[in-house]
Amino acid sequence: MKKLSIVLLVILITYPGIAQKESFPEARKAAVKQVVQKHLEMGIPGLALTVYTPDTGYWSYSAGYSNMEEGQVLLPTHKHYLQSVSKTYMAVVVLQLYEVGKIDLDDPVDQYVQVPWLQKLDESGEITIRMLLNHTSGLPEYN
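Residue indices begin from 1 for each chain and proceed along its sequence in written order. In keeping with the model being predicted, local features are shown solely for residues with a pLDDT of at least 70 and side-chain atom pairs are shown and tallied solely at 80 or more, while totals for entire chains, interfaces and linings include all residues. In computing side-chain values, all of the structure's heavy atoms are included and hydrogens and water are not.

### Some details on the packing of aromatic side chains
Rules: Stacked, edge-to-face and tilted labels apply to pairs of Phe, Tyr and Trp rings (six-membered ring for Trp) whose centres lie within 6.5 Å, assigned for plane angles under 30 degrees, over 60, and everything in between, in that order.
Evaluation of the coordinates by the stated rule reveals one aromatic pair. Ring geometry for Trp 59 and Tyr 61: centres 6.1 Å apart, planes at 5 degrees, overall stacked.

In structure tokens, the structure reads:
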């Protein structure tokens, strides 16, 4: 279930017809709900996703169960522990952004994200996207 949840999220983020920098119209919400329902009918216990655009902010949706035995309905606020599975999907999305010229792999990470703890590191401006993808940034374990 966890792998399929992240796959669906990556598809929704990268599919140009679903999440764009514009308001999230009801027709798109209905399309997302239809995709989620199709996966539930295939036997996936539950799916949750969140889409963000600067214009509309966050939109979250979930369906199915977080615990089928207890009948607990899945909410968008439930935690999904993806561990290392998400690294592969994140790398694919980053490389897709590189392929279309949205990012440069040798740019410093802090050019794209502003993370307070990262900015406190002396070498934060030297850590590139390529280093993160190769696991050679020298960043310590985050937890």
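### Observations concerning the nonpolar core
Defined as follows: We call a set of buried residues a nonpolar core when its members are Ala, Val, Leu, Ile, Met, Phe, Trp, Tyr or Cys and they connect through side-chain atoms within 4.5 Å of each other. Think of it in three bands: residues with accessible area under 20% of the maximum for their type are buried, residues over 50% are exposed, and the middle band is partly exposed, with areas taken using a 1.4 Å probe on protein chains only. By definition, any uninterrupted DSSP run of H or I lasting at least four residues is a helix, any uninterrupted run of E lasting at least two residues is a strand, and each is numbered from the N terminus. The contact criterion used is simple: two residues touch if any of their non-hydrogen atoms lie within 4.5 Å.
Core analysis: the largest hydrophobic core is formed by ten residues, namely Val 32, Val 36, Leu 40, Ile 44, Leu 47, Leu 49, Val 51, Trp 59, Tyr 61 and Ala 63. When contributions to this core are tallied by element, the ones reaching two or more residues are helix H2 (26-41), strand S1 (46-53) and strand S2 (57-67). In this view, Tyr 61 contacts Lys 33, Val 36, Leu 47, Ala 48, Leu 49 and Pro 76; residues no more than four positions away in its chain are not counted. In terms of nonpolar packing, the next biggest core, distinct from the first, is built from six residues, Val 94, Ile 103, Leu 105 and Val 109 among them.

### Some details on H2
Cut-off, in case you're wondering: Here the expected length of a helix is defined as 1.5 Å per residue gap, with one fewer gap than residues. What the arc describes is the spread of directions from the helix axis to the C-beta atoms.
Given a rise of 1.5 Å per residue, 16 residues ought to cover 22 Å, and the 22 Å separating the end C-alpha atoms of H2 matches this to within 8%. Buried within H2 are the following residues: Arg 28, Lys 29, Val 32, Val 36 and Leu 40. Viewed end-on, H2 has its buried residues packed into an arc of 125 degrees, placing them on one side of the element. The exposed residues of H2 that point more than 90 degrees off its buried face are Ala 27, Gln 34, Lys 38 and Glu 41. Taken from the residues just after H2, Gly 43 is the one with a positive phi, measuring 110 degrees.

### What to know about the side chain of Asp 107
Condition: By the counting rule applied here, Lys and Arg register as positive and Asp and Glu as negative, while His and the ends of each chain are not counted. Salt-bridge detection follows one rule: a side-chain nitrogen of Lys or Arg within 4 Å of a carboxyl oxygen of Asp or Glu.
Note on placement: Asp 107 falls in the loop between helix H3 (85-99) and helix H4 (116-119). This buried residue, Asp 107, is left without a salt bridge; Arg 130 holds the nearest opposite charge, at 9.6 Å. Once residues lying within four places of it in the same chain are set aside, the contact partners of Asp 107 are Tyr 112, Ile 127, Thr 128 and Ile 129.

### What about the pattern of salt bridges?
Inspection of every chain in the model, using the stated rule, returns two salt bridges. Across the salt bridge formed by Glu 26 and Lys 29, the nearest N and O atoms sit 3.4 Å from each other. With Glu 26 and Lys 29 both in helix H2 and three residues apart, this pair spans about one turn of that helix. Between Asp 106 and Arg 130 there is a salt bridge, and its shortest N-O distance comes to 2.8 Å. Taken together, the positions of Asp 106 in the loop between H3 and H4 and Arg 130 in helix H5 (residues 129-134) put the pair 24 residues apart, joining distant regions of the chain. Overall, the relative accessible area of 45% leaves Asp 106 in the partly exposed class. Of the residues examined, Arg 130 reaches a relative accessible area of 34% and is grouped as partly exposed.

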